[in-house]
Amino acid sequence: EFRRVLFRSTIAQSFSCSITFDLGSHWQLIYSPSYSIYSDAALRNSFDNSLLLTGSTTYDDWAYTFSQSYVPSDAPLIETGTQTAQESYGTSLSAAHSLNSQLSLQLSLSQNINVADQFDTVEAWSGNAGLNYQFMPQLGVGLSVSGGYDAVSAGSSTVFESYQATLNFHPRKKLTLSLSGGAQVSQFIDPAAPSVLTPIFSASLNYQLSPKTSLLLGASRSFNPSYFANQYEVTTSVNGSLQQQLSKKISLAFTAGYSTEPLTSLVPAPLP
């Protein structure tokens, strides 16, 4: 039986900025330093950095995008209950193709590697295919199918498939609403365990309060492998952000959010 104790509670204040370097007409490099201050004296304040390289191009009727990210951090995690040094590496490649004036096809492949000090390493590979139909400029819908494999350094790894429907609604110039929902089926291997069906969703609302001020609200629910062996978590979160454009090059944002990340233990059993 696995038991977890929340070791620390803290108020975190983070200050960050982003610096963008244009590397020709197709590439951008974004460097984002941040400094976090914690109210609990037992937690060390941290200075973190992240790098994101993005590229895009077109060929015939296809549009391609590529991204590579590196994000080291030393933040307290709900999952581990303590301050945890992590390194995340992400690679993605996507392609979009317009089949006609209303129907479009989207394909993507991604790899994410998460390394946490003194915990399991999680390597995730996934692919996605989706069809989008634009009924009118203000309304679009879509269907997507995803699949992938989450390899955990110790404990059960996961094969998964997910199915989602999407809705993009832009009724007014100042308002944009995006919704997606569906289910993910996860199968566990080595050790084997019964499959898990998880409802998943994401939602975002963007409202332009004024030409320089915008309000963003979001919510999501997702299935994630855990840093602990033979555990998984279903993360549910809500967040909000108020953004103010101070000048052409400087903006200010205030964000707040809440999330729950309950861990569930696998019960090894023969597969049917």
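Below is a summary of the structure that appears in this document. (Residues numbered from 1 in each chain as written. Predicted model: local features only at pLDDT ≥ 70, side-chain atom pairs only at ≥ 80, totals over all residues. Heavy atoms only, no water.)

## Here's the deal with empty space enclosed by the protein
Move 1: Summed over all chains, the structure comprises one cavity of 30 Å³ or more.
Move 2: Space inside the largest cavity adds up to approximately 70 Å³.
Move 3: Lining the largest cavity are 15 residues; nearest its centre among them are V152, S156, T158, S226 and Q231.
Move 4: Elements represented by at least two residues in the lining of the largest cavity include exactly β13 (213-225) and β14 (231-245).
Move 5: Of the residues assigned to the lining of the largest cavity, the class counts are nine nonpolar, six polar and no charged. (1 Å grid on protein atoms, 1.4 Å probe; cavity = no way out; pocket = protein on both sides within 12 Å on 5 of 7 lines; lining within 4 Å. Points joined across faces, edges and corners; volume = space filled by probe spheres on them. Helix = DSSP H or I, 4+ residues; strand = E, 2+ residues; numbered from the N terminus. Nonpolar A, V, L, I, M, F, W, Y, C, P; charged D, E, K, R; others polar.)

## Considering the layout of surface pockets
Move 1: When its volume is computed, the largest pocket comes out at roughly 1100 Å³.
Move 2: Every residue lining the largest pocket is counted, 48 residues in all, and those nearest its centre are N112, S222, F223, N224 and P225.
Move 3: For the lining of the largest pocket, the leading source of residues is strand β8 (residues 122-136), giving nine residues.

## Topic: the pattern of salt bridges
Move 1: Overall, the coordinates contain one salt bridge when judged by the stated rule.
Move 2: A salt bridge links D74 to R44; the nearest nitrogen and oxygen atoms lie 2.8 Å apart. Placement of the pair is D74 in strand β5 (residues 62-77) and R44 in the loop between β3 (27-38) and β4 (46-59), with a sequence separation of 30 residues.
Move 3: Accessibility expressed as a relative area gives 14% for D74, which makes it buried.
Move 4: Residue class for R44 comes out partly exposed when judged on its relative accessible area of 47%. (Salt bridge = Lys/Arg side-chain N within 4 Å of Asp/Glu carboxyl O. Buried < 20%, exposed > 50% of the residue type's maximum accessible area, 1.4 Å probe, protein only.)

## Things to note about the packing of aromatic side chains
Move 1: Here the structure, examined in full by the defined rule, presents eight aromatic pairs.
Move 2: On the numbers, 5.1 Å between centres and 35° between planes, the contact of Y70 with Y89 is tilted. One end of the pair, Y70, is in strand β5; the other, Y89, is in strand β6 (residues 82-98), and 19 residues separate them in sequence.
Move 3: Given a relative accessible area of 33%, Y89 falls into the partly exposed group.
Move 4: These aromatic residues form a ring-pair network of at least three members: F188, F223 and Y232. (Phe/Tyr/Trp six-rings, centres within 6.5 Å; stacked < 30°, edge-to-face > 60°.)

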